[in-house]
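Breakdown of the fold
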Amino acid sequence: QAQLVESGGGLVQPGGSLRLSCEVSGLTFSTYDMSWYRQAPGKERELVAQITSAGSSTNYADSVKGRFTISRDNAKNTVFLQMSGLNLEDTALYSCNARRIFPYFREDHWGRGTQVTVSS
């Protein structure tokens, strides 16, 4: 059974940094594209960053470009999100997603999330 476990969230001051991790088990990690999503109270879940299965390509939401970096270690079945220059609008529950897309369906697995709170 697939398990995605996020860690690294917490309370940080504006301008600060955090590094989120998502450790994956029960899947062949290297075959999945990985993403970080976030959801703030009262808002819809939004895509933050994506990385392809081999780590050769990444994609970011405009709101985090230049501040966040997604990376992965396929030997450790872990995806990371390095966040810097955090601001109040980055406060949210951050969840990781493992996805594979096939011709006729999409396979998704989700973690429960880790809370990031930016506050002075």
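Scroll up to find the structure.
None of the values given here were measured: they were computed from a predicted structure.

1. Section: the overall build of the protein chain
Each helix and strand counted, the protein chain has zero helices and eleven strands in total. Mapped in sequence order, the helices and strands of the protein chain form the string β-β-β-β-β-β-β-β-β-β-β. Over its C-alpha atoms the protein chain spans a radius of gyration of 14 Å, differing by no more than 12% from the 14 Å that the globule rule assigns to 120 residues. Its C-alpha atoms give the protein chain principal-axis dimensions of roughly 45 × 30 × 25 Å. Residues classed as buried in the protein chain amount to 40% of the 120 residues present. When the accessible area of the protein chain is evaluated, it comes to approximately 6,700 Å², of which 46% is carbon and sulfur surface.

2. Some words on the sheet that holds strand 1 (residues 3-7)
Taken in spatial order, the four strands make up an open sheet running 1-3-8-7, and their pairing is antiparallel. Sheet topology places strand 1 and strand 7 (68-73) at the edges, where each strand pairs with a single neighbour. Taking each pair of neighbouring strands and ignoring which way they run, the sheet shows an average axis angle of 15 degrees.

3. Brief notes about the pairing of strand 9 (residues 92-101)
Among the ten residues in strand 9, seven count as buried, and that is most of the element. Here strand 9 pairs with strand 11 (residues 114-118) via three bridges, running antiparallel. Residue pairing for strand 11: Tyr94 is matched across the bridge by Thr114. Here five bridges tie strand 9 to strand 10 (residues 106-110), and the two strands are oriented antiparallel to one another. Among the inter-strand pairings, Arg99 is bridged to a residue of strand 10, identified as Asp108. From the end of strand 9 to the start of strand 10, which pair antiparallel, there are four residues.

Parameters at a glance
- Residues numbered from 1 in each chain as written.
- Predicted model: local features only at pLDDT ≥ 70, side-chain atom pairs only at ≥ 80, totals over all residues.
- Heavy atoms only, no water.
- Helix = DSSP H or I, 4+ residues; strand = E, 2+ residues; numbered from the N terminus.
- Rg over C-alpha atoms; globule rule 2.2 N^0.38 Å.
- Buried < 20%, exposed > 50% of the residue type's maximum accessible area, 1.4 Å probe, protein only.
- Areas by Shrake-Rupley, 256 points an atom, 1.4 Å probe, with all protein chains shown as cover.
- Pairing = 2+ DSSP bridges.
- Axes fitted to C-alpha atoms, helices over the stretch in contact; angles between N-to-C directions.

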